[in-house]
Amino acid sequence: MNILIVGAGGFIGSHLSEEIGANHGDWAVTAVDITSSKIEHLLAQKKINFLRMDILKDLEPLEEQVKNCDVVFPLAAIASPLAYVKDPLQVFELDFEANLRIVRWAVKYDKRVVFPSTSEVYGMCPDEEFNEETSNLVTGPVGKQRWIYSCCKQMLDRVIYAHGVQNGLRYTLFRPFNWIGPRLDDIYRAENGSSRVVSQFMSNILHGKDINLVNGGNQSRCFTYISDAVDALIKIIENKGGCADRQIINIGNPYNELTIKELAVKIVELAKGYDKLQSNANGVKIVEMDSTDYYGKSYQDVQRRVPCVKKAESILNWKPVVGIDQLLTRTMDFYFG
Ligand code: NAD
């Protein structure tokens, strides 16, 4: 099987490529990205073929790769809340337009698509647990530009679903809930708001900056370790008996729910155990901050986000196993161990 991973140089793509390279001898990866820095350690393997391409520009060669693959993962996207409010049009061009082209080529050449939707599509849904089939997708007013990412993903979910119904497209939509692990973000460069929360907090400690709790940090998230997540993706690729065909599947760990304030406290405590962080961790301040001051006025928050994972458990026979402490320790060991 030739698996085309577009955005293979990113966090998820690098772990998926690594797992396929190590444990799936009869699969090959065509890894497309503008950068290979997170997958340099894999490029000596014959079965990982890296192609440097900009998917906004290199349209013909990209179409050729879709034509040649068996299954495509269109993973390239901007997934940073700061970008949603500072440059929503760039988010739209990459996350929606460029990925729509890939989906259309998959339809044209009759390829399977495994598309990363997101937990963000549920938005401010009040349900206790977000369910793929029954939960409403609730976003805010247009002026709250942070929803552009959620809407791009939701629209692609709907387009892919419609191609399944009207054109027989074989697809799986997976919805990651805060996947965390090594290679998540570049913590050495992270400016405030530019990276995901775990990397942001580690970066702030590293650089001796305060940790900011947006709107008090009482919002909660469920953190999922990347090896659990990649296990689910492998099962989706295997697709035993067509179990993942035309399914939308939450991939998250409902047992790892923490408020952002609790997360900050945990990370600071753990940081005291690493030489590179110890002195800064002892002096770090955890400061509450209004979201308007942090992200600007077009931000709006999601208070709680818990996945229902019954579908993943039943159709994929999958369960997350890495607990929150282990998840944070493994991630921090990678950066500072
Ligand atoms: P990432 O930012 O680590 O990786 C994205 C990759 O896309 C990067 O390597 C980047 O270089 C590449 N890319 C960006 N622009 C490109 C271009 N013009 N041409 C070619 N490559 C380009 O993101 P990730 O965490 O690996 O996420 C992958 C996908 O999963 C994204 O679609 C994201 O929205 C989705 N997702 C991730 C999470 C999560 O918890 N990590 C949650 C929800 C959804």
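Coordinates for the structure precede this section.
This is a predicted model, so every value here is computed, not measured.

So, how was this worked out
Residues numbered from 1 in each chain as written. Predicted model: local features only at pLDDT ≥ 70, side-chain atom pairs only at ≥ 80, totals over all residues. Heavy atoms only, no water. Pairing = 2+ DSSP bridges. Helix = DSSP H or I, 4+ residues; strand = E, 2+ residues; numbered from the N terminus. Axes fitted to C-alpha atoms, helices over the stretch in contact; angles between N-to-C directions. Contact = heavy atoms within 4.5 Å. Core = buried A, V, L, I, M, F, W, Y, C linked by side-chain atoms within 4.5 Å. Buried < 20%, exposed > 50% of the residue type's maximum accessible area, 1.4 Å probe, protein only. Phe/Tyr/Trp six-rings, centres within 6.5 Å; stacked < 30°, edge-to-face > 60°. Lys NZ or Arg CZ within 6 Å of the ring centre and 35° of its normal. Near = heavy atom within 4 Å. Polar contact = N/O pair within 3.5 Å; in protein donor to acceptor, adjacent residues only side chain to side chain. Areas by Shrake-Rupley, 256 points an atom, 1.4 Å probe, with all protein chains shown as cover. Nonpolar A, V, L, I, M, F, W, Y, C, P; charged D, E, K, R; others polar. Parallel < 35°, antiparallel > 145°, perpendicular 65-115°, else oblique. Left-handed = near helix turned anticlockwise from the far one by under 90°.

Looking at the sheet that holds strand S5 (residues 112-116)
Here comes step 1: One open sheet holds the seven strands; their spatial order is S3-S2-S1-S4-S5-S6-S11, and the pairing between them is parallel. Only two strands of the sheet have a single neighbouring strand rather than two, namely strand S3 (48-52) and strand S11 (247-251). Within this sheet the neighbouring strands show an average axis-to-axis angle of 20°, counted without direction.
Here comes step 2: In this structure, strand S2 (residues 28-33) lies alongside S3, joined through five bridges in parallel fashion. Paired with Ala31 across the bridge in S3 is Phe50.
Here comes step 3: Along the sheet, helix H4 (residues 88-108) makes contact with strand S1 (2-6), strand S4 (71-74) and S5, crossing S4 at roughly 170°.
Here comes step 4: Sheet strands touched by helix H5 (residues 148-167): S5 and strand S6 (171-176). Its angle to S6, the strand with the most contacts, is close to 155°.

Notes on the nonpolar core
Here comes step 1: With 66 residues, the main nonpolar core has Phe73 and Leu316 as its most contacted residues.
Here comes step 2: Of the residues forming this core, the biggest block, eight residues, is contributed by helix H7 (residues 226-238).
Here comes step 3: The contact partners of Phe73, leaving out residues within four places of it in the chain, are Ile3, Leu4, Ile5, Val6, Leu16, Val114, Phe174, Leu233 and Ile237.
Here comes step 4: Ile55, Tyr84, Val113 and Leu173 belong to the second largest nonpolar core, which has 33 residues in total.

A word on helix H6 (residues 197-206)
Here comes step 1: Here H6 lies mainly inside the structure; nine of its ten residues are buried.
Here comes step 2: Taken as a whole, H6 has its buried residues at Val198, Ser199, Gln200, Phe201, Met202, Ser203, Asn204, Ile205 and Leu206.
Here comes step 3: Buried residues along H6 sit in contact with strand S7 (179-180), strand S8 (211-214), helix H8 (260-271), helix H9 (278-283), helix H10 (291-295) and helix H12 (324-336).

Points about the environment of Ser291
Here comes step 1: Of note, Ser291 is situated in helix H10.
Here comes step 2: Note: C-alpha distance between Ser291 and Val214 (77 residues apart in sequence) is 5.2 Å.
Here comes step 3: Ignoring sequence-local partners within four residues, the contact set of Ser291 consists of Val214, Asn215, Gly296 and Tyr299.

Notes on the packing of aromatic side chains
Here comes step 1: Using the criterion set out here, one finds twelve aromatic pairs in the structure.
Here comes step 2: A centroid spacing of 4.8 Å and a plane angle of 90° characterise the contact between Tyr294 and Tyr295, whose relative ring orientation is edge-to-face. The same class applies to Tyr294 and to Tyr295, which are both buried.
Here comes step 3: Taken together, the aromatic side chains of Tyr274, Phe334, Tyr335 and Phe336 make up a single cluster linked through ring pairs.
Here comes step 4: Over the face of the ring belonging to Trp147 we find Arg146, whose NZ or CZ atom lies 4.4 Å from the ring centre.

Notes on the environment of Ser203
Here comes step 1: Note on placement: Ser203 falls in helix H6.
Here comes step 2: In this structure, the C-alpha to C-alpha distance between Ser203 and Glu93, residues 110 residues apart in sequence, is 29 Å.

Notes on the site of the ligand
Here comes step 1: Around the ligand, 26 residues are found, and the nearest of them are Asp33, Asp54, Tyr149, Lys153 and Arg196.
Here comes step 2: Between an oxygen atom of the ligand and a side-chain N or O atom of Tyr149, the distance comes to 2.6 Å.
Here comes step 3: For the ligand, the protein covers 89% of the area, taking 830 Å² as the surface of the free molecule.
Here comes step 4: Those elements that place two or more of their residues in the shell around the ligand are helix H1 (11-23) and H5.
Here comes step 5: In terms of residue class, the shell around the ligand is built from 15 nonpolar, seven polar and four charged.

Considering unusual backbone geometry
Trans peptide bonds make up most of the peptide bonds, and negative phi angles are found at most residues other than glycine.
Here comes step 1: The phi torsion at Asn215 lies on the positive side, around 50°, for a residue other than glycine.
Here comes step 2: The backbone of Arg246 sits at a positive phi, close to 55°, despite the residue not being glycine.
Here comes step 3: By the secondary structure assignment, Arg246 is in the loop between H7 and S11.
Here comes step 4: For Arg246, a relative accessible area of 39% corresponds to the partly exposed category.

What about the pairing of S11?
Here comes step 1: Most of S11 is tucked away, with four of its five residues classed as buried.
Here comes step 2: Two strands pair when backbone bridges link them, and S6 and S11 are joined in this way by five bridges, in the parallel orientation. When the bridges of S11 are listed, Arg175 appears paired with Asn250.

Considerations on the packing of H1 against H7
Here comes step 1: Axis separation between H1 and H7 bottoms out at 10 Å; the angle between their running directions is 65°. Considering the angle they form, H1 stands roughly perpendicular to H7. At the point where H1 passes H7, the crossing takes the right-handed sense. Contact residues: H1 offers Phe11, Ile12, His15, Leu16, Glu19 and Ile20, while H7 offers Ile226, Val230, Leu233, Ile234 and Ile237.
Here comes step 2: Partitioned by chemical class, the residues of the contact of H1 with H7 number nine nonpolar, one polar and one charged.

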